[in-house]
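# Secondary and tertiary structure notes
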Amino acid sequence: MVIITLQRNKCIGCNYCVELAPSQFQMSKKDGKSVLLHSEEKKGFFTLKSRDDTIFDSCDEAKKACPVKIIEVKQR
Ligand code: SF4
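Along each chain, residues carry numbers from 1 onward, in the same order as the chain's sequence is written. Local features are withheld for residues below a pLDDT of 70 in this predicted model, meaning they are given only at 70 or higher, and side-chain atom pairs are given and counted only at 80 or more; totals for whole chains, interfaces and linings count all residues.

## So, the sheet that holds strand S4 (residues 40–42)
- If you trace the four strands from one edge of the open sheet to the other, you get S4-S5-S1-S6, paired in antiparallel fashion. The open sheet terminates on both sides in strands that have one partner only, identified here as S4 and strand S6 (71–75). For this sheet the average axis-to-axis angle between neighbouring strands, irrespective of direction, equals 20 degrees.
- Strands were regarded as paired on the criterion that DSSP finds at least two bridges between them. Only DSSP runs of H or I reaching four residues or more are called helices, and only runs of E reaching two or more are called strands; each is numbered from the N terminus. Alignment of S4 against strand S5 (residues 45–50), held across three bridges, turns out to be antiparallel. In the sheet register, Glu-40 faces S5, and the bridge partner there is Thr-47.
- Docked against the sheet, helix H2 (residues 56–65) engages strand S1 (2–7) and S6, running at close to 150 degrees with respect to S6. Under this scheme, a helix contributes an axis fitted over its contacting stretch, all axes are lines through C-alpha atoms, and angles between N-to-C directions fall in the 0 to 180 degree range. Placing C-beta atoms from the backbone, we regard two residues as in contact once those atoms come within 7 Å.

This is the structure in structure tokens:
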């Protein structure tokens, strides 16, 4: 299982995560911040739990590229 977390309110809209992991991240046309697709929100943190382990590498690249370090990716 791959667990991805996004602290969305701190997103600066640089688009790196969308370029690196387009199946999980999309830019919002409303506020210009990244959206973690199919995630659940709790106190400003958006979390996606996926059984698809193949998404780990691209999401980890997005985590490393994020300039404000608001993406967390864990594998269990
Ligand atoms: S890489 Fe980080 S700052 Fe850039 S759009 Fe994605 S979440 Fe936002």
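## Comments concerning the site of the ligand
- The C-beta atom of each residue is placed using the backbone, and any residue whose C-beta lies within 6 Å of a molecule or strand is treated as near it. Among the 14 residues in the neighbourhood of the ligand, the closest are listed as Cys-11, Cys-14, Tyr-16, Cys-17 and Cys-66.
- Among the residues forming the shell around the ligand, the class breakdown is 11 nonpolar, three polar and no charged. Residue classes follow a fixed rule: Ala, Val, Leu, Ile, Met, Phe, Trp, Tyr, Cys and Pro count as nonpolar, while Asp, Glu, Lys and Arg count as charged, and any other residue, Gly among them, counts as polar.

## A word on the nonpolar core
- Linking buried Ala, Val, Leu, Ile, Met, Phe, Trp, Tyr and Cys residues through C-beta atoms within 7 Å yields a set, and such a set is a nonpolar core. Put plainly, a residue is buried at 20 or more neighbouring C-beta atoms within 10 Å of its own, exposed at 12 or fewer, and partly exposed in between, counting only other residues' C-beta atoms, which are placed from the backbone. Formed by 15 residues in total, the largest nonpolar core has its most connected members in Ile-4, Cys-17, Ala-62 and Ile-71.
- Those elements that place two or more of their residues in this core are S1, helix H1 (16–20), strand S3 (34–36), H2 and S6.
- Of the residues forming this core, the biggest block, three residues, is contributed by S1.
- Ignoring any residue separated from it by four or fewer positions in sequence, one finds Ile-4 in contact with Gln-24, Leu-36, Leu-48, Cys-59, Ile-71 and Val-73.

## Describing H2
- Looking only at H2, the buried set comprises Cys-59, Ala-62 and Lys-63. Down the axis of H2, the buried side of the element spans an arc of 100 degrees, and every buried residue falls inside it. Throughout, the arc means that of the directions going from the helix axis to the C-beta atoms.

## Some details on unusual backbone geometry
- Of note in the backbone geometry, His-38 takes a positive phi value of approximately 60 degrees without being a glycine.
- Considering the arrangement of structural elements, one finds His-38 in the loop between S3 and S4.
- Residue class for His-38 comes out exposed when judged on the 11 C-beta atoms lying within 10 Å of it.
- We note that Lys-69 has phi near 55 degrees; this positive angle belongs to a residue other than glycine.

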